[in-house]
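# Per-entry structural report
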Amino acid sequence: RYKATKMQLEHMIVAYQERGCSDSEIRRNVHSYLRGDGMTMITRLVVVLGTKCSLRCRDCNNLMNHFKPQFDIDENQILQALKNLLSVVDGIVRCELIGGEPFLAKNFTSILEFCLSNEKIWSVEATTNGTVMPSEDSIRLLQHKKMIVRISDYGDLVDKRPLIEYLQYRNIKYTTLDLGEWIV
């Protein structure tokens, strides 16, 4: 429980820093959150866009290899679910968009645009396996100050250097996620 709370607070602090809050504002907001002063915050929300993936890992963490055929989840369903959720919370610290591979989802750009434009969503992540370049129409959104691309590390299976070079060239914030040892 301690580790989960610590991780939530770390996400919250990073999001406040990215918003340009001073140290005293961050401390005040974190203390308010810990006291439960009437705020309903979600520290991390994962939104699945669909099952399309460029990899078919046998032991996929999200079980995407079991979905045949691959599909995108209806954009209107996702948007309505997000609107419903946002109507009853004060904020979402981090909203993570995943697939399968989010850059393959036809609904990626519209869902991303909604998340970035909503003031209650403080930061947005797209977690990619590093095999697919983002579409040209999503570049402007990926450059948004609330946005970060997370690249999963699949070791020798995926050469993520072309994507990293492209993100650097386009001034898109990214981080790599070291998965460590693969566990079935």
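Residues numbered from 1 in each chain as written. Predicted model: local features only at pLDDT ≥ 70, side-chain atom pairs only at ≥ 80, totals over all residues. Heavy atoms only, no water.

### So, unusual backbone geometry
Of note, asparagine 171 is a non-glycine position whose phi angle comes to about 55°, a positive value. Within the fold, asparagine 171 resides in the loop between helix 6 (161-169) and strand 6 (174-177). Relative accessible area serves as the criterion here: at 64%, asparagine 171 is assigned to the exposed category. (Helix = DSSP H or I, 4+ residues; strand = E, 2+ residues; numbered from the N terminus. Buried < 20%, exposed > 50% of the residue type's maximum accessible area, 1.4 Å probe, protein only.)

### Observations concerning the environment of glutamate 136
Of note, glutamate 136 is situated in the loop between strand 4 (121-128) and helix 5 (139-142). On the basis of relative accessibility, which here comes to 54%, the residue glutamate 136 falls in the exposed class. Excluding residues within four positions of it along the chain, glutamate 136 makes contact with Tyr166 and Arg170. Here arginine 170 takes part through its side chain, which lies 3.1 Å from a polar atom of the side chain of glutamate 136. (Contact = heavy atoms within 4.5 Å. Polar contact = N/O pair within 3.5 Å; in protein donor to acceptor, adjacent residues only side chain to side chain.)

### What about the confidence of the model for the protein chain?
Averaged over every residue, the pLDDT of the protein chain is 86; the share at 70 or more is 85%. When mean pLDDT is compared element by element in the protein chain, helix 4 (residues 108-117) scores highest at 97, while helix 1 (residues 2-18) scores lowest at 74. (pLDDT = per-residue confidence, 0-100.)

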